[in-house]
Amino acid sequence: MFKGILIEKDDAGYRAAVKEIDDSQLPEGDVTVRVDYSSLNYKDGLAITGKGPVVRKFPMVPGIDIAGTVEASDNAEYKVGDRVVLNGWGVGETHWGGLAQRARLKGDWLVPLPAAFSAKQAVSIGTAGYTAMLCVLALEKQGVKPGDGEIVVTGAAGGVGSVAIAVLNKLGYTVVAVSGRPEETDYLKQLGAAEVLDRSLFSAPGKPLGKERWAGAVDVVGSHTLANICATTRYRGVVTACGLAGGMDLPASVAPFILRGVTLVGIDSVMCPRPDRLVAWQRLARDLDIAKLDLITHEVSLAEAIPTAAQLMDGKVRGRVVVDVN
Ligand code: NDP
């Protein structure tokens, strides 16, 4: 038996609780992992609270991030005792995830724990941090260089935003953070933001084109915010879009794309191919100031993860939440 959060949905309703789970209930997979840590991402918040249709099968163990140790393996790539990390691949959505003491997974989904990180640091970065790195890599790939001008990061005090600011700052970019929490201004400046703007400047319907300001952007908010960022991006600037914290719609015009040559790059971490993941983790090892992870992260227990997920949905959680499942 092992402990885990189980999400159930039936005539009694949608609910998440810490339960004792029998090993025989674990799903199919060729690698069994003793989980050390998981984390809470926005998607885990949606799953645990039931606020979004993230969970596709019931009962479900949520948790899209896992750091742990291989306990049993029928996969040639992994042996007992290997330290591994997993992000995404539908884990915590269609396949039981990391918010439990044990997980059974496909070896193809795992990557070796990067030597630069402890298990806790790896989930502290987690899907949010690795997605932030995918955004930075996309900016680089499109040719945005540190001297080119300001990079705007929205949802700045959240998980993706916090890591994006830290990485961009270390790489020498000038970062402007957009946040709805003025009380986090000092935090965002400690991470490396040169300026903090209130999110209300971006969240209302705007004009098709505005004054050109951004050389690049990392947007986790979507909706009017993403539209307004595209409208104020400089000629040939690059906007990376990875989130929907403000809405799934995109009420924009084509003007920034056809008149200013702006590039809008979509970022997905869930099905991102393995070679790109390995590059992102290598770059995180090099380009994230590990000392800043302590500032970004706080730890909760498995039981505390359930109320914390509700706080995350209310936009009240700063940075990243690591879950000690043991
Ligand atoms: P967090 O909850 O940690 O951060 C989200 C932040 O967005 C909040 O902290 C808040 O920042 C801001 N925010 C929240 N609600 C609103 C709102 N209504 N309007 C404007 N801003 C808002 O989530 P994550 O960082 O884990 O994820 C951020 C987004 O990125 C989510 O939508 C998530 O689904 C998406 N995502 C996508 C991935 C992909 O593969 N494409 C992978 C990982 C995440 P502040 O208080 O500073 O304003």
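This is a predicted model, so every value here is computed, not measured.

Basis of the calculations
Throughout this document, residue positions are counted from 1 along each chain, in the order its sequence is written. Residues qualify for local features only when their pLDDT is at least 70, as the model is predicted, and side-chain atom pairs are given and counted only at 80 or more; totals for whole chains, interfaces and linings, by contrast, use all residues. Each helix corresponds to a stretch of at least 4 residues labelled H or I by DSSP, and each strand to a stretch of at least 2 residues labelled E; elements are numbered beginning at the N terminus. The exposure scheme places C-beta atoms from the backbone and then counts, for each residue, the other C-beta atoms within 10 Å of its own, assigning buried at 20 or more, exposed at 12 or fewer, and partly exposed in between. Working definition of a contact: two residues with C-beta atoms, positioned from the backbone, lying within 7 Å. Domain start and stop points were drawn from an automatic or database domain assignment. Should the C-beta atom of a residue, placed from the backbone, lie within 6 Å of a molecule or strand, that residue is near it. We call Asp, Glu, Lys and Arg charged. Ala, Val, Leu, Ile, Met, Phe, Trp, Tyr, Cys and Pro are nonpolar, and the rest, Gly among them, are polar.

## With respect to the overall build of the chain
Here's step 1: Helix and strand content of the chain: 10 helices and 15 strands.
Here's step 2: Each principal axis of the C-alpha atoms in the chain carries an extent, and together these give about 60 × 45 × 35 Å.
Here's step 3: The buried share among the 326 residues of the chain stands at 51%.
Here's step 4: Considering only residue pairs separated by 6 or more positions, the chain has 69% of its internal contacts joining residues 24 or more positions apart.

## Details of the environment of Asn-326
Here's step 1: Along the polypeptide, Asn-326 turns up in the segment after strand S15 (320-324).
Here's step 2: For Asn-326, a count of 12 C-beta atoms within 10 Å corresponds to the exposed category.

## Some points on the domain arrangement of the chain
Here's step 1: Each assigned domain of the chain is listed with its residue range as follows: domain 1 (2-116 + 293-324) and domain 2 (126-266).
Here's step 2: Centre-to-centre, using C-alpha coordinates, domain 1 lies 28 Å away from domain 2.
Here's step 3: In this assembly, 13 residues from domain 1 lie in contact with 14 residues from domain 2.

## Some remarks on the site of the ligand
Here's step 1: The immediate surroundings of the ligand are formed by 30 residues, with Gly-155, Gly-158, Ser-179, Gly-243 and Gly-246 found nearest.
Here's step 2: Elements with a minimum of two residues in the shell around the ligand: helix H1 (42-49), helix H2 (119-141) and helix H3 (159-170).
Here's step 3: In terms of residue count, the dominant contributor to the shell around the ligand is H2 (three residues).
Here's step 4: In terms of residue class, the shell around the ligand is built from 13 nonpolar, 13 polar and four charged.
Here's step 5: Mapping the shell around the ligand onto the domain boundaries places at least three of its residues in each of domain 1 (2-116 + 293-324) and domain 2 (126-266).

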